[in-house]
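# Residue-level structure breakdown
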Amino acid sequence: TATYQAADGIAVITMSYPPVNGLGYANRVGIADGLAKAAADASVKAVVLTGAGRAFSAGADITELDGPKALAEPNLLTLINMIEKSAKPVVAAIHSICMGGGLELALSCQYRVASPGAQIGLPEVKIGVIPGAGGTQRLPRVLGVETAMNMIVTGEPVKSELLASLPGQKLIDKMIDGDLMAGATAFAREVAAVRPMPSVRDLKVRHPNPDAYVQFVRNMVKGMSKNFPAPAKCVDAVEASMSMKFDDGMVLEREIFVALMMTPECKALRHAFFAERAA
């Protein structure tokens, strides 16, 4: 689950679900409880969200995908809405692994700090779906559409220091060498009183020639994805981040995600994933 500690005006919520802090039901409950405690405590001015051990979070607990726990409240979208609507800033302290739903959770935070070497990505396409909790709408807003499109279509992770070096990026507010939690709590104190608080959903996605760019990507993806539908659907969802209002893009993303979950290709890729782990 997730643990909660508060000291000197900063609450720390630590996901603790070995080995990679997957966002299973118990972990989601712990995060929601921590956010509620921080909101109710007048002495808490800001919140730091991080992960114990070897990861910030590797995302959804794939073992729950076909069961009732996957949608049980609080689901991931509920947690994201709680963080986005928080009256106190939430700082994601990213390290080691920040993938899938873990990255989507971090993108809902008002701020993000990271240690060097953290692997950051949205690998959902590798199991036949697209990011389903805002990844296709938020990542283009913080990294620009071309970098985000490449990460989402390929599913490949990128190191935190490389992303932080990109001009104009808004994914990582500060890189922290040394003690991540000391740096994250110090950063949280710096931003605790800053108003208005930043929100990724309010950022705009711009491209000098969006139609030509999307068509170019469609042609590339058609050649590389063969019979798998998910990569092309990734393009559709990321295109929506440029052409639709944020909430409308979120609706489209969810519709695509749910439809892909039912495809034989997705079921086959998930079977292969579990088979490889078992072997």
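Residues numbered from 1 in each chain as written. Predicted model: local features only at pLDDT ≥ 70, side-chain atom pairs only at ≥ 80, totals over all residues. Heavy atoms only, no water.

## A look at the packing of aromatic side chains
- If you walk through the whole model with that rule in mind, you get two aromatic pairs.
- An angle of 75° between the planes, with centres 5.5 Å apart, marks the rings of Tyr 111 and Phe 187 as edge-to-face. Taken together, the residues Tyr 111 in strand E6 (residues 111-114) and Phe 187 in helix H7 (residues 180-191) connect sequence positions 76 residues apart.
- Residue class for Phe 187 comes out buried when judged on its relative accessible area of 8%.
- Residues Phe 273 and Phe 274 carry aromatic rings whose centres are separated by 5.6 Å and whose planes lie at 75° to one another, so their mutual orientation is edge-to-face. (Phe/Tyr/Trp six-rings, centres within 6.5 Å; stacked < 30°, edge-to-face > 60°. Helix = DSSP H or I, 4+ residues; strand = E, 2+ residues; numbered from the N terminus. Buried < 20%, exposed > 50% of the residue type's maximum accessible area, 1.4 Å probe, protein only.)

## Digging into the side chain of Arg 270
- Relative to the elements of secondary structure, Arg 270 occurs in helix H11 (residues 264-278).
- Judged by relative accessible area, Arg 270 falls into the buried class, the value being 6%.
- Here Met 261 takes part through its backbone oxygen, which lies 3.3 Å from a polar atom of the side chain of Arg 270.
- If near-sequence neighbours (up to four positions away) are discounted, Arg 270 is found in contact with Ile 62, Leu 65, Asp 66, Ile 127 and Met 261. (Polar contact = N/O pair within 3.5 Å; in protein donor to acceptor, adjacent residues only side chain to side chain. Contact = heavy atoms within 4.5 Å.)

## Section: the sheet that holds strand E2 (residues 10-15)
- Spatially, the six strands line up as an open sheet ordered E1-E2-E3-E4-E6-E9, and their pairing is mixed. Edge positions in the open sheet fall to strand E1 (2-7) and strand E9 (174-175), since each of these has one partner strand only.
- As paired elements, strand E3 (residues 46-51) and strand E4 (residues 90-94) share three bridges and run parallel to each other. Of the residues in E4, the one forming a bridge with Val 48 is Val 91.
- Its contacts with the sheet put H7 on E1, E2, E3, E4, E6 and E9, and the angle it makes with E4 is roughly 160°. (Pairing = 2+ DSSP bridges. Axes fitted to C-alpha atoms, helices over the stretch in contact; angles between N-to-C directions.)

## Here's the deal with the nonpolar core
- Counting 66 residues, the largest nonpolar core has Leu 49, Ile 94, Leu 105, Leu 139 and Leu 171 as the members making the most contacts within it.
- Contacts of Ile 94, omitting those with residues within four sequence positions, involve Phe 56, Ala 106, Arg 112, Val 113, Ala 114, Ser 115, Ala 118, Ile 120 and Leu 180.
- The next biggest cluster of nonpolar side chains, apart from the first, holds 15 residues, and it includes Ala 46, Val 113, Ile 176 and Leu 180. (Core = buried A, V, L, I, M, F, W, Y, C linked by side-chain atoms within 4.5 Å.)

## Quick look at the sheet that holds strand E8 (residues 158-159)
- Reading across from one edge, E5-E7-E8 is the order of the three strands in this open sheet, with mixed pairing throughout. A single partner strand is all that each edge strand has here, and the edge strands are strand E5 (97-99) and E8.
- Pairing geometry for strand E7 (residues 119-121) and E8, over two bridges, is antiparallel. Across the sheet, residue Gln 119 finds its bridge partner in E8, namely Lys 159.
- Against the sheet, helix H3 (residues 101-108) contacts E5 and E7, and its axis sits at roughly 90° relative to E5.

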